[in-house]
Amino acid sequence: MAIRRAGPWASSTDSYLDAPDSFVENPSQAPVNCALVNWVGDDWKTLWRKYADNTYDSGETAAIGEEVTMSTTSGQSDFIEMVFYYQAVNSFDIDLNTSSDPDDGFSTGDKTWQYSTIESGAGDFNLEFTDGDETETITLPASTLGSLSVSIRNGSFAFKGDIAISLSDPDA
Amino acid sequence: MPTQADLDWNNVVSKNSQKTRRESNVNKKEGGIYDLSTGYYKPKKEFPQTGKRPIQDSDEDFVGRERTDEDGGSGGGVPAGYEEVLRDYVDDDNTAQQEYYLTKAV
């Protein structure tokens, strides 16, 4: 059964929001996508934000397959995060791609993702983020409105170097 | 006793009646209109705008007319009181589609 479009943006309390004119450091809204494809006249996108070297950078969106990078020299609490809402009649897969290029050895970090749907389906995963390039395939359940949040964070030891993250279509 | 003149007149009337009946039968086959006042079928009437016969026996040709908003129904524009809006939706194969909907404030 077809699903009427929500969005173009949504929050945890409102499924029909306009795209914000400006962003804050900790945005509570994100774009609503049609599974892995573009809407008619509106491209697929995910909100991203990052915190590195005591500075927030947020308010941008990334396309499917577009990489967001972070260079960090200090922070144990540094992270990159991507968040989007989705609507899908059927479950679908999406790839979480991460890569790291440490300056001086590698410290372990956390690679996490969690999804939830208004139909009460939810999942939460936490993997160790290791050196090099990695891809995790995430299966998102069908939903009239679901959300996915992915992030990589420094773990017990401060990571110094470059980290990149992207979301992509496994079949592309 | 009828005179020869009476017989000739009756013969003319009979021939005219037969001719009228024959014409009426032809008109009936060709879709002519039945005339209650005479009991015979009139010839089919063509209209110059479309060449089509009207549904009603009047001077207005309804057959070739374009639909208007006042007609309502499918294919005839937006019914009074409704608004046509284009909406996005996710189709059964997870693709994005668009479709026009008729909405009405309640």
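Residues numbered from 1 in each chain as written. Chains lettered and ligands numbered in written order. Predicted model: local features only at pLDDT ≥ 70, side-chain atom pairs only at ≥ 80, totals over all residues.

Novice: Help me out: how do you make sense of the overall build of chain B in this one?
Specialist: Of regular secondary structure, chain B possesses one helix and four strands. The helix and strand sequence of chain B, counted from the amino end, reads α-β-β-β-β. Here chain B holds 106 residues, and the buried ones make up 4% of them. Look at the contacts in chain B between residues 6 or more apart in sequence, and 3% of them connect residues 24 or more apart. (Helix = DSSP H or I, 4+ residues; strand = E, 2+ residues; numbered from the N terminus. Buried ≥ 20, exposed ≤ 12 C-beta atoms within 10 Å, placed from the backbone. Contact = placed C-beta atoms within 7 Å.)

Novice: Could you clarify how one ought to interpret the overall build of chain A in this entry?
Specialist: A count of helical and extended segments in chain A gives zero helices and 13 strands. For chain A, the N- to C-terminal ordering of α and β elements is β-β-β-β-β-β-β-β-β-β-β-β-β. By the burial criterion, 37% of the 172 residues in chain A qualify as buried. Restricting to contacts in chain A with at least 6 residues of sequence separation, those with at least 24 account for 68%.

Novice: Would you take a moment to explain the confidence of the model for chain B for this structure?
Specialist: Any residue range with low pLDDT should be treated as having predicted coordinates unsuitable for detailed reading. Residues and elements named next belong to chain B. Summary statistics for chain B give a mean pLDDT of 70 and a share of 57% for residues scoring 70 or more. Scored below 50 in pLDDT, residues 53-67 shows 25 contacts in the model against residues more than four places distant or in partner chains. The complex model carries a pTM of 0.69, and its ipTM stands at 0.85. (pLDDT = per-residue confidence, 0-100.)

Novice: I would appreciate a short explanation of the interface of chain A and chain B in the present structure.
Specialist: Interfaces are frequently sized by the accessible area removed from exposure as the parts join. Taken together, the contact pairs 15 residues of chain A with ten residues of chain B. If you list the elements that add at least two residues to the side of chain A that touches chain B, you get β1 (3-4) and β7 (79-88) of chain A. Its residues assigned to classes, the side of chain A that touches chain B shows ten nonpolar, three polar and two charged. One ladder, built from two bridges, connects β1(A) with strand β3 (residues 83-90) of chain B; its direction is antiparallel. By the bridge assignment, A:I3 is partnered in β3(B) with B:V90. (Nonpolar A, V, L, I, M, F, W, Y, C, P; charged D, E, K, R; others polar. Pairing = 2+ DSSP bridges.)

Novice: Would you mind showing me how to read the nonpolar core here?
Specialist: One broad trend across soluble globular proteins is that nonpolar side chains are buried collectively. Residue and element names in this part refer to chain A. Ranked by internal contacts, the top residues of the largest apolar core, which has 39 residues, are I80, M82, F84, Y86 and L148. By residue number, the principal contributor to this core is β7, which donates seven residues. In contact with F84, not counting residues within four places along its chain, are A30, P31, N33, T46, L47, S147 and L148. (Core = buried A, V, L, I, M, F, W, Y, C linked by C-beta atoms within 7 Å.)

Novice: Please explain the sheet that holds strand β13 (residues 161-168) of chain A as it appears in this structure.
Specialist: What holds strands together in a sheet is hydrogen bonding between their backbones, with the strands either parallel or antiparallel. All names here are of chain A. Strand order in this open sheet of four strands is β6-β13-β8-β11, and the pairing throughout is antiparallel. The two strands at the open ends of the sheet, each matched to only one other strand, are β6 (68-72) and β11 (134-140). Each neighbouring strand pair of the sheet contributes to a mean axis angle of 20°, computed without reference to strand direction. Sheet topology places strand β8 (residues 92-102) next to β13; eight bridges connect them, and they run antiparallel. Paired with D101 across the two strands is D162, which belongs to β13. (Axes fitted to C-alpha atoms, helices over the stretch in contact; angles between N-to-C directions.)

Novice: I tried to follow the sheet that holds β3(B) on my own but got confused; where do I start?
Specialist: Read from one edge to the other, the open sheet built from three strands follows the order β1(A)-β3(B)-β4(B), with strand pairing classed as antiparallel. In this open sheet, the two edge strands, each paired with only one partner strand, are β1 of chain A together with β4 (96-103) of chain B. With eight bridges joining them, β3(B) and β4(B) adopt antiparallel strand pairing. Counted as the bridge partner of B:V90 is B:A96 from β4(B).

Novice: Would you mind going over unusual backbone geometry with me for this structure?
Specialist: Apart from glycine, the bulk of residues carry a negative phi angle, and the bulk of peptide bonds sit in the trans form. The omega angle of the peptide bond from A:G7 to A:P8 is 15°, so this bond is cis rather than trans. Along the chain, A:P8 falls in the loop between β1 and β2 (9-10).

Novice: It is not clear to me how the confidence of the model for chain A should be interpreted in this structure. Could you clarify?
Specialist: Averaged over all residues, the pLDDT of chain A is 87; the fraction at 70 or higher stands at 90%. Averaged pLDDT values over the elements of chain A bottom out at 78 in strand β10 (residues 122-129) of chain A and peak at 97 in strand β3 (residues 30-34) of chain A.

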